[in-house]
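Chain residues, written in single-letter form:
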Amino acid sequence: MPTAFASPDCVGPGIAKLAEEISAALDRSHGAAEWAEGNIKSALQRALSDDDLITGELPAAPFATYRQEILHVDPAGRFSIAALIWLPGHRTPVHDHRCWCCFGVWRGREVETLWTRDAKGRLVAGKSSVCYRGEVEFLHPPGDIHQVSNDDMTPTVSIHVYGVNLTHSGTSIQRCYDVDATVNAEAGLRTFAVVGAGFSGTMTAVHLLRECGPDTRVVLYEAAPDVGRGVAYGTRCLTHLLNVPAGGMSAFPESPGHFHEWCARKGRQVAASDFAPRTWYGEYLGDILKDAALYSRARLEVRTEQVERIDGHDGDFQVLSTNGGALQAEAVVLAIGTPPGRENFPAGQEWPAMADPWQSNALDEVRPDDEVLIVGTGLTCMDVLAELSARGHRGKIVAISRRGLLPASHVPHAAAGGPAFDAQGFREQLAREPMKVTRLCRRVRDAIREAQAAGMDWRDVINALRPVTSSIWAALPGRERRRFKRHIKPYWEAVRHRIAPAVMEAVERMRQAGILERHRGGIAKLERLPSGRYLAEWTSPATGSSSREFNRVINATGFTARLAGSNSPLLDDLLGKGWIREDELGLGVDTSSDFRLVEEDGSVIGGIYYVGPMLRARYWECTAVPELRLRAAETATSVLKHAARPQKTTPPTDSYRTPEMAYQI
């Protein structure tokens, strides 16, 4: 459940009055809420009749979950007042509390279901009641297990008073209960869990939904409020463009025009050769998941929770989340991305806080005349520069990385055309070469010279490698792989992962205007000064040591594949158990050929899989949609192959529809 402080503009004077009355009631009862229950309920009931209790528009509840907006926190930390915003179908998990709770409806209605334990200690649903505006309930542990939902067709806003400081705890929930586990086991319902709902996790869930029957549920975990976006498509900035034209971004290789057709149905004016905004693609993936849920005979559950631990053994796992939720699953697919990188920083040093470019408001505090240091010159840096350019930035920008390489650009429309490159013939020539990096690089350079001499573009040669890159990587001996990583990797990435022409044009305009400087070097020191500015020192092979002060520093180093020190509770848990390990080159997660995790001792775990960009260890190219869409489908196939019982196949529908609501939540 996302939690944030409500804007002061939304908090009416009635909230302050409610806080005063609750504080007085607690004072009279010497802090014992049970003695003050009647007074607290009466105070909240009076407040709920105030039409101006909340004066502005609260933020809309995010996708697939309700939202909590903190309205007031008692200075003594005895209680907090919060507004919960619910869209139709939103519900809490079955849970209990770490403190007393008094709540009532201010707008709309909600349903409360109480849960009790039977003689065998199992949780069973008890009385359900509909709460309308002005009706108030009071709960205090123990005996406070319940579930709240919005079964109406309109949004609901409820006001909750919790006997806890929400700024410290973030939630009043003590524990969540997977009440479906016993029922599912008795009914023979199998459960597959997918952790992470970026591209890889969303598409793995989609393929499982397409193939599974009514005896299966697919539970998709995502800590962020939006499903399908992940880090790559979570941006809302329209200048952040896809790095592949719209005609090549289908989530289904058998339907190459799928994304472009979706854009047309949505009224988005984009040609197949254009580079669409990445935020559109996140919306597209969300619609695909809705469509899969609508037509599947299996059940989809989306849980807005962060998974912190996995326990159990082959085929019988327990997935535990940070809010106390638990899930029994037959198989678990880890679809988590790569941790943030710090490759341009010396190890073992603490660095001052820097702007995270993936946060939606990361650049809001950058003033047009600010001097900005961007650490990293790859794709993340290009996003930052494109957005700063769109904001009219005028201050000096310094971008620095170890080699100072910028990504190449795709061919602008006007430059397209000309003779066709013989991609198949080139691939056949490569297949006859010895599997040595030096020989392969020499052959690629020769092909580029021949293509350019014939009036073709060097990008055609690089594009021809794409279908065979993984097989070439698999055939390279370990020594040659290490050589490629050490000497060729950054140059390959600069020409292979190219940016949209419009982004390169914006960057070039900034360079020509004298706004952008690019340096090759490594950060030696970064210090936050008393003035609030940053002092950066770096060393460069060309100019030696340099230093400069900046108003802002942005970490655009991208991501790393190192598992240790990732700040991920789940990865730390798996590493501690020895259930996951890095590959020998440090490129990502070591997996079997069917995507199952390889343990520290080299054995394979039955039932835990990985799909995502950290498959680079096995496939090398595994960060873009054309490759990840294949891996997601193959992972789903592997999960079902190793499952205990055969699945009934549901043929995918040819038509594409976007229903209003397709989640079973």
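For every chain, the first residue of the written sequence is number 1, and numbering continues from 1 along that sequence. Selection of residues for local features in this predicted model requires a pLDDT of at least 70, selection of side-chain atom pairs for listing and counting requires 80 or more, and totals for whole chains, interfaces and linings are taken over all residues. In computing side-chain properties, one takes all heavy atoms of the structure into account and sets aside hydrogens as well as water.

Caption draft 1: Here's a closer look at the overall build of the protein. Each helix and strand counted, the protein has 17 helices and 27 strands in total. When burial is assessed residue by residue, the protein has 53% of its 665 residues classed as buried. Any two residues whose heavy atoms approach within 4.5 Å at even a single point are treated as in contact. Sequence separation of 24 or more characterises 74% of the internal contacts of the protein that already satisfy a separation of 6 or more. Throughout, the Shrake-Rupley method with a 1.4 Å probe supplies accessible areas, and for residues the shown protein chains are the sole cover considered. When the accessible surface of the protein is totalled, it reaches about 29300 Å², and 50% of it is carbon and sulfur. Where helices and strands are cited, they refer to DSSP runs of H or I of at least four residues and of E of at least two residues respectively, numbered from the N terminus. Three labels apply to residues, based on accessible area from a 1.4 Å probe with only protein chains included: buried if under 20% of the type maximum, exposed if over 50%, partly exposed otherwise in between.

Caption draft 2: Geometry of empty space enclosed by the protein. Points on a 1 Å grid over protein atoms alone make up a cavity when a 1.4 Å probe fits among them but cannot get out, and a pocket when they form an open set with protein on both sides within 12 Å along at least five of seven lines; lining residues each have an atom within 4 Å of a point. Grid points are joined across faces, edges and corners, and a volume is the space filled by probe spheres set on the points. According to the stated counting rule, one finds two cavities of 30 Å³ or more in the structure shown. Space inside the largest cavity adds up to approximately 110 Å³. Lining the largest cavity are 16 residues, with Tyr66, Leu84, Thr92, His95 and Tyr162 sitting closest to its centre. Here the residues of the lining of the largest cavity sort into eight nonpolar, eight polar and no charged. Lining the second largest cavity, in full, are His240, Pro357, Trp358, Leu363, Thr380, Asp383, Val384 and Glu387. For the lining of the second largest cavity, the residue count by class is four nonpolar, two polar and two charged. When residue character is reported, Ala, Val, Leu, Ile, Met, Phe, Trp, Tyr, Cys and Pro are called nonpolar, Asp, Glu, Lys and Arg charged, and the others, Gly included, polar.

Caption draft 3: Quick look at the sheet that holds strand β24 (residues 544-550). Following DSSP output, two strands are said to pair if at least two bridges run between them. Across the sheet, three strands lie side by side as β22-β23-β24; this open sheet has antiparallel pairing. If you trace the sheet from one side to the other, it starts and ends with β22 (522-528) and β24, each paired once. Strand-to-strand, the axes of this sheet are offset by a mean angle of 15 degrees, without reference to chain direction. Relative to β24, strand β23 (residues 534-540) runs antiparallel, the two sharing seven bridges. Opposite Leu535, over in β24, you have Glu549 as the bridge partner. Axis geometry follows a simple rule: fit a line to the C-alpha atoms, using only the stretch in contact for helices, then measure angles between N-to-C directions, giving values from 0 to 180 degrees.

Caption draft 4: Expanded view of the environment of Val157. Tracing the backbone shows Val157 in strand β10 (residues 156-162). The class for Val157 is buried, based on a relative accessible area of 5%.

Caption draft 5: Spotlight on the pattern of salt bridges. Salt bridges are counted wherever a side-chain nitrogen of Lys or Arg sits within 4 Å of a carboxyl oxygen of Asp or Glu. This structure, assessed with the given rule, holds 41 salt bridges. For Arg466, the salt bridge identified is with Glu627, shortest N-O distance 2.7 Å. Here Arg466 is found in the loop between α11 (458-465) and α12 (469-475), whereas its partner Glu627 is found in helix α17 (residues 625-642), with 161 residues between them in sequence. Residue class for Arg466 comes out partly exposed when judged on its relative accessible area of 24%. For Glu627, a relative accessible area of 7% corresponds to the buried category. Salt-bridge contacts for Glu493 lead to Lys489; the nearest nitrogen and oxygen are separated by 3.6 Å.

Caption draft 6: A look at the sheet that holds strand β18 (residues 331-334). With mixed pairing, six strands are arranged side by side in an open sheet as β14-β13-β12-β18-β27-β26. What marks the edges here is a single partner per strand, and that holds for β14 (299-303) and β26 (596-598). For this sheet, the mean inter-axis angle between neighbouring strands, taken without regard to orientation, is 35 degrees. Sitting on the sheet, helix α5 (residues 199-211) touches β12 (190-195), β13 (216-221), β14 and β18, and the angle it makes with β13 is about 170 degrees.

Caption draft 7: Local environment of the side chain of His497. The residue His497 is located in the loop between α13 (478-496) and α14 (501-512) in this model. At 3.5 Å, the side chain of His497 forms a polar contact with the side chain of Glu621. Among residues more than four places away in sequence, those in contact with His497 are Leu379, Pro407, Trp492, Glu621 and Thr623. Under this definition, polar contacts are N or O atom pairs within 3.5 Å; protein pairs additionally need one hydrogen-donor-capable and one acceptor-capable atom, and for neighbouring residues in sequence, both atoms have to be side-chain atoms.

Caption draft 8: A look at the packing of aromatic side chains. Between the rings of Phe, Tyr and Trp (Trp by its six-membered ring), a pair exists once the centres lie within 6.5 Å; its type follows the angle of the planes, with under 30 degrees stacked, over 60 edge-to-face, and the other angles tilted. Counted by the stated rule, this structure contains 14 aromatic pairs. When the ring of Phe259 is compared with that of Trp262, the centres are 6.0 Å apart and the planes differ by 15 degrees; the resulting orientation is stacked. Separated by three residues within a single helix, Phe259 and Trp262 lie in helix α6 (residues 258-265), roughly one turn from each other. Of the two residues, Phe259 and Trp262, neither departs from the other in class, the shared state being buried. Among the aromatic side chains, those forming a connected cluster through ring pairs are Phe199, Tyr233, Phe259, Trp262, Tyr281 and Tyr284. Definition used: whenever NZ (Lys) or CZ (Arg) falls within 6 Å of the ring centre and also within 35 degrees of the ring normal, the charge is taken to sit over that ring. Sitting over the ring of Trp579, Lys577 keeps its end group 5.3 Å from the ring centre. Seen from the ring of Tyr619, Arg631 lies directly overhead, with NZ or CZ sitting 4.2 Å from the centre.

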